[in-house]
Amino acid sequence: MAMHHYLRLSFIVLFVITSLFCIYFIIKKRRNKKAPKLLSEEKYRSSMSEGMKEISSSDSFFNIWPYVSELKAAKILSKKIKESELVHKVYRNSTEDFEHILLATEKENHFVKVVVDRNKKKAMGYLLLDL
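On a predicted model such as this, the values are computed, not experimentally measured, just so you know. (Residues numbered from 1 in each chain as written. Predicted model: local features only at pLDDT ≥ 70, side-chain atom pairs only at ≥ 80, totals over all residues. Heavy atoms only, no water.)

Explain the overall build of the protein to me, please; I cannot follow it from the model alone.
Within the protein one finds three helices and five strands. Scanning the protein from its N terminus toward the C terminus, one meets helices and strands in the order α-α-β-α-β-β-β-β. Here the C-alpha radius of gyration of the protein, 23 Å, is well above what a compact globule of 131 residues would show, namely 14 Å. Reported as C-alpha extents along the three principal axes, the dimensions of the protein are approximately 85 × 30 × 25 Å. Looking at the protein as a whole, 29% of its 131 residues qualify as buried. (Helix = DSSP H or I, 4+ residues; strand = E, 2+ residues; numbered from the N terminus. Rg over C-alpha atoms; globule rule 2.2 N^0.38 Å. Buried < 20%, exposed > 50% of the residue type's maximum accessible area, 1.4 Å probe, protein only.)

Before we go on, may I ask you to explain unusual backbone geometry in this structure?
Backbone geometry follows two general trends: most residues other than glycine have a negative phi, and most peptide bonds adopt the trans configuration. At Asn109, a position not held by glycine, the phi torsion is positive, near 65°. In this fold, Asn109 is placed in the loop between strand S3 (98-104) and strand S4 (110-117). According to the relative accessible area criterion, Asn109 is partly exposed, its value standing at 39%. In the Ramachandran plot, Lys121 falls in the positive-phi region, its phi being about 60° despite a non-glycine side chain. Along the chain, Lys121 falls in the loop between S4 and strand S5 (122-130).

For this particular structure, what's the right way to read the side chain of Glu99?
Looking at the secondary structure, you find Glu99 in strand S3. Among the polar contacts made by the side chain of Glu99, one reaches the side chain of Arg92 at a distance of 2.6 Å. For Glu99, the contacting residues outside a window of four places in its chain are Ile55, Ser60, Phe61, Val90, Tyr91, Arg92, Val114, Val115, Val116 and Arg118. (Polar contact = N/O pair within 3.5 Å; in protein donor to acceptor, adjacent residues only side chain to side chain. Contact = heavy atoms within 4.5 Å.)

How should the nonpolar core be read in this particular structure?
Within soluble globular proteins, side chains that are nonpolar tend to cluster in buried spots. Formed by 17 residues in total, the largest nonpolar core has its most connected members in Ile64, Leu71, Leu77, Ile101, Leu103 and Val114. With nine residues, the next largest nonpolar core counts Leu39, Phe111, Val115 and Met124 among its residues. (Core = buried A, V, L, I, M, F, W, Y, C linked by side-chain atoms within 4.5 Å.)

How should a positive patch on the surface be read in this particular structure?
A cluster of basic side chains, namely Lys34, Lys37, Lys43, Lys120 and Lys122, defines a positive patch on the protein surface. Examined against the element boundaries, Lys34 turns out to sit in the loop between helix H1 (2-31) and helix H2 (41-46). A relative accessible area of 74% means that Lys34 is categorised as exposed. (Patch = residues over 30% accessible without salt bridge, like charges linked within 9 Å, V, L, I, M, F, W, Y side chains within 5 Å. Areas by Shrake-Rupley, 256 points an atom, 1.4 Å probe, with all protein chains shown as cover. Salt bridge = Lys/Arg side-chain N within 4 Å of Asp/Glu carboxyl O. Lys, Arg positive; Asp, Glu negative; His and termini not counted. Charge placed at Lys NZ, Arg CZ, Asp CG, Glu CD.)

Please explain the pattern of salt bridges as it appears in this structure.
Once their charged atoms are close, side chains differing in charge can pair, the charge on each being opposite to the other. Across all of its chains, the model carries five salt bridges by this definition. With a shortest N-O distance of 3.9 Å, Glu99 and Arg118 are connected by a salt bridge. Linking Glu99 in strand S3 with Arg118 in the loop between S4 and S5, this pair joins segments that are 19 residues apart in sequence. Owing to a relative accessible area of 0%, Glu99 belongs among the buried residues under this scheme. Under the relative-accessibility criterion, Arg118 is labelled partly exposed at 22%. Here the residues in one salt-bridge network are Arg92, Glu99 and Arg118, joined through shared partners.

Structural data, given as structure tokens:
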């Protein structure tokens, strides 16, 4: 009978230790989550070329919504803005290597510009614009 209690106790201890390890790694992973990157002026200028042309948002190949979710989680964009009103304009450079996606904010003439590298198929970062 005593052996049965020790066996049950060892399983409970093993369960508690395993649970604590899982909780530790979940917390560690959340802390190491990368926030969206603010572009330097130099990187931003390197993504532009002489002829930036406006394209429709449907012509843009990049799925911006996961990146928008990251911007909202980092409180760079407000969660109050409707997704249908979020994309203001999309520009592509003359070499067609980069796209600049202007996202509206709650303030008038304030935008968040997301720079997308078309070759790598990922967002380089964002820039805050006050026009």
